[in-house]
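Residue-level structural notes
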Amino acid sequence: MSDLAEALGLLPLPVSVRALEGSGPAAEACRMLWGNAASLEAVAAAWPELPRGEAPLPELTLCLGPAGTPPTAQRTGETPVLPASLEPPERAEGYVLRLEAPGATLVGRDSAGLFYAVQTLCQIFQAAPEPPALEVVDYPSHAWRGFQMDLGRQMEGMNTLYRYIDFLAARKYNQCHLYLENAFAFSAIPEAWADHALTPEQARELDAYCRARHMELIPSANFLAHNENLLRNPAYAHLSETREGSAWRKHMKVVCDLCFSLPETWEILESMVDELATTFSSPYLHAGLDESYALGSCSLCAPIREQYGEGEVYRRHTERLHELITARGKQMLMWADMVLMFPEILAGLPADIIMVDWYYGNVIERPRINYFNYRKLDSTRLLREAGFEVLLAPAGDPQNQFAMARYGQSREVLGSLVTQWGQSSYLTEEQTASLVYGAECAWATALTPLGDCLPRLSQNLYGSREPEFQILSGLQGSVYGEGAGPAAHLRYRRERRNFEQRLHWQMARTACDAALAHPAAQTEPVSHLLRRLSLSVNRSLVSLDKRILVNEAGLSARDFCAGHEAAREDLARYAGRMRDLAEQTEANAAELKRLWEEDRPEIEPRGRLHEHMTQEASKTAEWAEELARFAADPGPGKAPFAALRVVIEVMKLEANAQTMTVEASADGEKWEEIRVSGGVSVGGNDVGTAFDYAVAGEVPADTRFIRLSSNGVTHLGFRTVRLIDLVSERLPEALAETGGPVWFAEHLLADDARPCLLNEAEVLQSFQHPETLEKAWVTLSFPEGRIA
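The structure presented is a predicted model; accordingly, all values stated were derived computationally and were not measured.

Here we look at the overall build of the protein
The number of helices and strands found in the protein is 20 helices and 27 strands. Expressed as a percentage of contacts within the protein between residues at least 6 apart in sequence, the contacts between residues at least 24 apart total 75%.

Quick notes on the packing of aromatic side chains
Counted under the stated rule, the structure contains 10 aromatic pairs. Centroid distance Phe 115 to Tyr 116: 5.7 Å. Interplanar angle 70°. Geometry classified as edge-to-face. Both residues of the pair, Phe 115 and Tyr 116, count as buried. A ring pair is formed by Trp 335 and Trp 421, whose centres lie 6.1 Å apart and whose planes are at 50°; its orientation type is tilted. With Trp 335 in strand β13 (residues 331–335) and Trp 421 in the loop between β16 (415–419) and α12 (432–443), this residue pair connects regions lying 86 residues apart in the sequence.

Overview of unusual backbone geometry
Between Leu 11 and the following residue, Pro 12, the backbone shows a cis peptide bond with an omega angle of 0°. Its place among the elements puts Pro 12 in the loop between α1 (3–8) and β1 (16–23). Within the chain, Glu 291 stands out as a residue other than glycine whose phi angle is a positive 45°. Inspection of the secondary structure puts Glu 291 in the loop between β12 (284–286) and α7 (302–308). Overall, Glu 291 belongs to the buried group, its relative accessible area being 17%. One non-glycine residue, Glu 412, lies in the positive phi region at around 55°. Summarising the element assignment, Glu 412 is placed in the loop between α11 (398–408) and β16.

Considerations on the pairing of β13
Burial analysis of β13 places four of its five residues in the buried class, the great majority of the element. Pairing geometry for β13 and strand β14 (residues 354–358), over three bridges, is parallel. Across the sheet, the residue bridging to Met 334 is Met 355, located in β14.

Quick look at helix α6 (residues 263–279)
The terminal C-alpha atoms of α6, which comprises 17 residues, lie 25 Å apart, in line with the 24 Å expected from a rise of 1.5 Å per residue. Three or more residues of α6 are buried, namely Thr 265, Trp 266, Ile 268, Leu 269, Met 272, Val 273, Glu 275, Leu 276, Ala 277 and Thr 279. In this structure, the buried residues of α6 make contact with α4 (200–211), β11 (216–220), β12 and α8 (310–327).

Section: the pattern of salt bridges
One side chain can pair with another of opposite charge once the charged atoms of both are near each other. All told, the structure shown has 29 salt bridges when counted by the stated rule. For the salt bridge of Asp 166 with Arg 213, the shortest nitrogen-to-oxygen distance reads 2.8 Å. Of this pair, Asp 166 sits in helix α3 (residues 158–170) while Arg 213 sits in the loop between α4 and β11, and the two are 47 residues apart along the sequence. Here Arg 531 makes a salt bridge to Glu 598, at a shortest N to O gap of 2.9 Å.

With respect to the environment of Ala 446
Relative to the assigned elements, Ala 446 resides in the loop between α12 and α13 (450–462). Measuring from C-alpha to C-alpha, the distance between Ala 446 and Ser 141 comes to 8.7 Å, with 305 residues separating the pair along the chain.

Focus: the side chain of Lys 546
Here Lys 546 shows up in helix α16 (residues 524–561). Looking at Lys 546, the relative accessible area reads 13%, which means it is buried. Within polar-contact distance, the side chain of Lys 546 engages the side chain of Thr 620 at 3.4 Å. Contacts of Lys 546, omitting those with residues within four sequence positions, involve Met 578, Leu 581, Glu 616, Thr 620 and Trp 623.

Remarks on the packing of α4 against α6
Contact geometry of α4 with α6 gives a least axis separation of 9 Å together with a crossing angle of 40°. Contacts between α4 and α6 pair Pro 200, Ala 203 and Arg 204 from the former with Glu 275, Thr 278 and Thr 279 from the latter.

Some remarks on the nonpolar core
The biggest cluster of nonpolar side chains holds 142 residues, and the ones touching the most others in it are Leu 178 and Phe 223. With 10 residues, the top contributor of residues to this core is helix α2 (residues 111–127). Beyond its immediate chain neighbours, meaning those up to four positions away, Leu 178 contacts Met 149, Leu 151, Leu 198, Leu 206, Leu 217, Ile 218, Pro 219, Ser 220 and Phe 280. Val 721, Ala 745, Cys 756 and Leu 780 belong to the second largest nonpolar core, which has 16 residues in total.

Regarding the packing of helix α17 (residues 567–599) against helix α18 (residues 609–632)
Between α17 and α18, whose axes approach to 8 Å, the crossing angle comes to 170°. Classified by the angle their axes make, α17 and α18 are roughly antiparallel. In the crossing of α17 with α18, the sense of the turn from one axis to the other is left-handed.

Overview of the confidence of the model for the protein
In this model, the protein carries a mean pLDDT of 77, and residues with pLDDT of at least 70 account for 72%. Taken together, the stretch residues 479–494 has pLDDT below 50 and engages in 50 contacts with residues farther than four places along the chain or on a different chain. When the criterion is pLDDT under 50, residues 761–773 qualifies, and its contacts beyond four places in sequence or with other chains add up to 27 contacts.

Digging into the environment of Arg 305
Checked against the element boundaries, Arg 305 lands in helix α7. For the pair Arg 305 and Leu 295, spaced 10 residues apart in sequence, the C-alpha to C-alpha distance is 7.9 Å.

Here's the deal with the state of the cysteines
Tallied over the entire structure, the rule returns zero disulfides. Cys 298 provides the cysteine sulfur closest to Cys 259, a residue in no disulfide bond, and the two sulfurs are 3.6 Å apart.

Observations regarding the environment of Ala 188
With respect to the secondary-structure elements, Ala 188 resides in the loop between β10 (175–179) and α4. Residue Ala 188 is classed as partly exposed on the basis of its relative accessible area of 23%. C-alpha separation for the pair Ala 188 and Glu 267, spaced 79 residues apart in sequence, amounts to 8.6 Å.

Here is what the cut-offs are and how they apply
Residues numbered from 1 in each chain as written. Predicted model: local features only at pLDDT ≥ 70, side-chain atom pairs only at ≥ 80, totals over all residues. Heavy atoms only, no water. Helix = DSSP H or I, 4+ residues; strand = E, 2+ residues; numbered from the N terminus. Contact = heavy atoms within 4.5 Å. Phe/Tyr/Trp six-rings, centres within 6.5 Å; stacked < 30°, edge-to-face > 60°. Buried < 20%, exposed > 50% of the residue type's maximum accessible area, 1.4 Å probe, protein only. Pairing = 2+ DSSP bridges. Expected span 1.5 Å × (residues − 1). Salt bridge = Lys/Arg side-chain N within 4 Å of Asp/Glu carboxyl O. Polar contact = N/O pair within 3.5 Å; in protein donor to acceptor, adjacent residues only side chain to side chain. Axes fitted to C-alpha atoms, helices over the stretch in contact; angles between N-to-C directions. Core = buried A, V, L, I, M, F, W, Y, C linked by side-chain atoms within 4.5 Å. Parallel < 35°, antiparallel > 145°, perpendicular 65-115°, else oblique. Left-handed = near helix turned anticlockwise from the far one by under 90°. pLDDT = per-residue confidence, 0-100. Disulfide = S-S within 2.5 Å.

Rendered as structure tokens:
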């Protein structure tokens with residue numbers, strides 16, 4: 001890496017940056033001049049504003065010089081003549097930038113290359129108002145560098161969309177995929193629009209705005225699954241594949257798949273395709289088609305599934321949709337997960353479909369395990385060998401972005417699409433550093449791990465390389481995740497985990513305070529970002545404090561019930577601290593609402609996070625009173641929080657283990673579900689280590705049976721299960737029942753290192769045959785008395 005590129009914080013990293021003799025120009029002495037082969041007439045505003053107005057013509061040359069003087073480029077007739085050393089690289093979007101007093105010269109291989117040269121020049125002057133003389137030669141490693149904005153779950157106002165387009169273009173993204181779902185005002189389904197849906201007129205304005213910044217605006221719809229909002233509307237419920245009852249994959253509880261056998265479905269789809277094709281100028285249309293788990297459920301589609309297989313149902317729908325899209329002059333993109341589930345249909349699909357291979361887990365060379373197809377699969381290579389172009393789609397997580405970029409290096413992919421999903425609680429501002437790093441992974445010819453990139457990242461975003469800013473850069477994109485597993489049931493484990501979490505977020509708090517006070521961070525956009533990030537970190541610290549208090553109060557309550565009178569004082573102190581946290585949560589909610597209204601006055605946040613936080617504050621205040629009452633008058637039925645905790649210890653067996661769903665049921669007169677987790681994250685645990693997953697629910701204290709089942713994902717297992725209430729901690733004494741492919745379940749009754757595995761040996765069969773999956777469970781019985 002060039003020392004100059006590092007010092008200036010250039011992102012993405014250019015191919016080469018070399019120092020020249022002499023001195024460079026000053027930013028205040030420069031104006032931007034745009035020209036084409038016929039003239040060098042000025043069409044841009046004064047430095048350092050980005051060019052506005054019509055998109056530049058091809059083969060542009062941009063020259064900069066001292067204000068009020070001719071450009072530094074010489075002219076012969078009507079064509080500028082540049083030194084041979086400034087010939088741009090023979091690569092699309094490539095450019096050469098030379099800074100030498102008194103001005104600067106930029107040459108692009110094409111108009112996009114010239115535009116990106118301007119972005120690099122902006123970054124240089126932001127980092128150093130009087131930069132050294134230097135020359136930058138650059139071009140992208142991938143032709144497609146995209147970011148997906150999820151408007152289906154969080155519609156944004158036009159001003160916000162414009163701001164993000166500017167931000168993305170400045171980091172050399174050249175595609176913005178708009179995930180629309182029900183966020184577009186389709187004339188065919190007027191009853192199903194979301195509030196503030198993007199109108200065709202607004203979409204055309206945004207499309208033109210993108211083109212002026214050398215960015216394609218690609219519509220991303222969903223023409224099979226993920227039509228929850230449409231199918232929940234009574235006017236369209238009859239189009240659901242599950243309209244007649246349960247889905248073929250019964251355990252999925254699907255309510256969002258369209259039935260492709262109904263003529264009315266195709267009338268609506270044809271109208272939607274028409275409208276998107278005529279509204280957006282891009283030659284591409286993303287059809288979605290992911291996570292379609294109700295294929296062949298209805299009486300019209302079931303005969304096809306029964307005769308030809310589930311994959312054939314999917315293939316026929318895809319092929320017909322492809323015909324609709326190509327007939328309108330567009331090339332079809334689609335998510336690849338369902339195709340990978342049914343690889344036998346690859347040969348029967350049109351080869352001009354672009355497969356978007358999304359994956360949000362740990363990517364390795366081989367094998368690769370996909371959460372949604374449960375297969376050991378080198379997916380991109382399989383798709384490429386079948387003749388398809390492939391676009392890789394990582395999440396907004398820097399580690400995933402780096403791993404996917406490395407994975408795609410030898411597989412001849414089109415590029416990268418960084419995906420963002422979520423509601424207003426996952427504001428894009430908190431992912432800013434991740435987006436910039438995603439641009440680095442898509443553009444740069446030399447991949448740089450996030451840890452090595454942090455100095456450049458902090459310089460680029462905040463104008464400072466101080467450690468506090470590097471901490472902020474490393475934390476952005478995960479601030480809401482809190483990085484916290486459930487509380488440990490052993491004190492030393494809990495204290496260690498809580499200490500690590502507190503240290504993590506206290507560092508973030510210190511970084512935010514330092515950044516808000518730093519002169520370089522006082523530009524309006526950066527200051528706004530830091531205020532939001534500061535609030536997010538503060539919210540995480542309050543949430544962590546609340547979890548710690550709940551844990552400590554539970555231990556003190558147990559001590560109190562065991563006769564330790566000193567615990568009464570602890571409980572009273574915890575109650576007071578809980579009241580303080582309730583006030584902090586309420587203040588955070590009010591500040592979040594104020595910031596949202598200041599930034600996005602034209603749009604209501606989906607989910608209304610400030611309202612959720614207000615409810616959180618109320619619940620925390622209730623807990624404080626509950627603790628105070630218990631400390632004053634302990635007794636049966638007055639226990640604070642849950643009467644019983646079920647602690648499940650999950651063991652990771654391989655480094656590339658994936659998530660699983662754990663279902664725990666308590667036995668009263670019948671089985672009752674306590675809780676179904678949304679996926680137990682194993683995070684960065686080492687191979688063979690374990691963590692605790694606490695399932696807390698209002699369950700009877702005399703519970704004697706616990707049933708556990710998993711969704712069959714490999715390489716994870718249950719290692720132990722405990723029942724904990726105020727006066728007891730009980731280990732299982734017997735296996736009551738088991739069902740399905742279960743191995744080593746007996747160890748749950750003894751101190752055995754082997755985990756209880758469910759569906760390990762037949763994982764693919766388990767997924768293909770849900771009746772096998774449903775039988776994979778373990779029932780444990782527990783003693784009634786306390787175990788010391």
